[in-house]
Amino acid sequence: EYSNELEARTAQIELDGKYVNGQRISAEFAKPKGTDDQLFQIHPRIYIGRLNNGMKKQDLLTLFSRCGEVVDCLIKDDFAFLEYAEPKAAQLAVQELNGYNLNGTRIVVEEARPKDDAKLPISGTRLYIGKIPTMMKKHDLIQAFAPFGDVVELNMKDDFAFLEYSNVASAYKAYQEMNGAKLGGSRIVVQEAKPKAGERR
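Below you will find a few notes about this structure. (Residues numbered from 1 in each chain as written. Predicted model: local features only at pLDDT ≥ 70, side-chain atom pairs only at ≥ 80, totals over all residues. Heavy atoms only, no water.)

Overview of the nonpolar core
With 24 residues, the main nonpolar core has Ile129, Leu141, Phe145, Tyr165 and Met178 as its most contacted residues. If you list the elements that add at least two residues to this core, you get strand S9 (126–130), helix H5 (138–145), strand S11 (160–165) and helix H6 (168–178). Here this core takes 6 residues from H6, the largest share from any one element. With residues up to four places along the chain from it excluded, the contact list for Phe145 reads Ile129, Val151, Leu163, Tyr165, Ala174, Met178, Ile188 and Val190. (Core = buried A, V, L, I, M, F, W, Y, C linked by side-chain atoms within 4.5 Å. Buried < 20%, exposed > 50% of the residue type's maximum accessible area, 1.4 Å probe, protein only. Helix = DSSP H or I, 4+ residues; strand = E, 2+ residues; numbered from the N terminus. Contact = heavy atoms within 4.5 Å.)

Regarding the environment of Asp78
With respect to the helices, strands and loops of the structure, Asp78 is situated in the loop between strand S4 (70–76) and strand S5 (79–84). The class for Asp78 is partly exposed, based on a relative accessible area of 38%. Those residues in contact with Asp78 that sit more than four places away from it in its chain are Ile48, Gly49, Arg50, Leu51 and Asn53.

Some details on the sheet that holds strand S14 (residues 189–192)
A sheet is described by the order of its strands in space; here 4 strands give the open sequence S10-S11-S9-S14, paired in antiparallel fashion. Edge positions in the sheet fall to strand S10 (151–157) and S14, since each has one partner strand and no second. Across the sheet, the mean angle from the axis of one strand to that of its neighbour is 20 degrees, orientation sign disregarded. Pairing of S9 with S11, which is carried by 4 bridges, proceeds in the antiparallel orientation. Residue pairing across strands places Tyr128 opposite Phe162, the latter belonging to S11. Here H5 sits on the sheet in contact with S9, S10, S11 and S14, set at roughly 140 degrees to S10. The strands touched by H6 are S9, S11 and S14; relative to S11, the strand with the most contacts, the crossing angle is about 140 degrees. (Pairing = 2+ DSSP bridges. Axes fitted to C-alpha atoms, helices over the stretch in contact; angles between N-to-C directions.)

Considering the environment of His43
Considering the arrangement of structural elements, one finds His43 in the loop between helix H2 (38–42) and strand S3 (45–49). On a C-alpha basis, the gap between His43 and Glu86 in space is 8.3 Å, while along the polypeptide they are 43 residues apart. Non-local contacts of His43, meaning those with residues more than four positions away in its chain, are made with Glu83 and Tyr172.

Examining the sheet that holds S4
On the basis of which strands lie adjacent, the open sheet formed by 4 strands has the order S4-S5-S3-S8 and antiparallel pairing. Taken across any chain shown, the strands that pair with only one partner, and hence form the sheet edges, are S4 and strand S8 (108–111). Averaged over neighbouring strand pairs, the angle between their axes works out to 20 degrees when direction is ignored. Against the sheet, helix H3 (residues 57–64) makes contact with S3, S4, S5 and S8, and its axis sits at roughly 135 degrees relative to S4, the strand it touches most.

A look at the pairing of S3
Where S3 and S5 come together, 4 bridges link them in antiparallel fashion. In the sheet register, Arg45 faces S5, and the bridge partner there is Glu83. For S3 and S8, the ladder comprises 4 bridges, and the chain directions are antiparallel. The partner of Gly49 across the bridge, within S8, is Val108.

This is the structure:
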């Protein structure tokens, strides 16, 4: 492991394809931990440890906002939890600031891990939308759900529909905001759609 991205990239260029003990090696960047973690993709939250007592929130925000937009920050005693708007920003903060010397102390920065029993109400990209008003048209529904992400498919029939997003994070946001929301005078129901017949989860 290298202390910064520049050193790592230099080593990757120099070592990739070299022969060591008669064997050709391949050097590439390791995939960051938690990249496929759905909860981390939806809530890109990091843990910051070994903080000096009296650390001010603004000082922490000044440092960590270099990696991306910060949407939430909670400091308690000698540690903090900080959430970014984008997972890439959180991963960059872990890569660049873990071990960073902050006011004379090398801080610990890592992904905040959820409790073992933490479960998402939405784990797929396809949603079921029920109790849709009869006058509601397909383009009206797309317009209502488009702000949460890229809609890749919408099948509508009578008073219900199946809508699919390009990613889980968008589906989760739509579920949070639209389940029970009023649409055309009716409170709609938004849930994760069950898999299609013959489809495996």
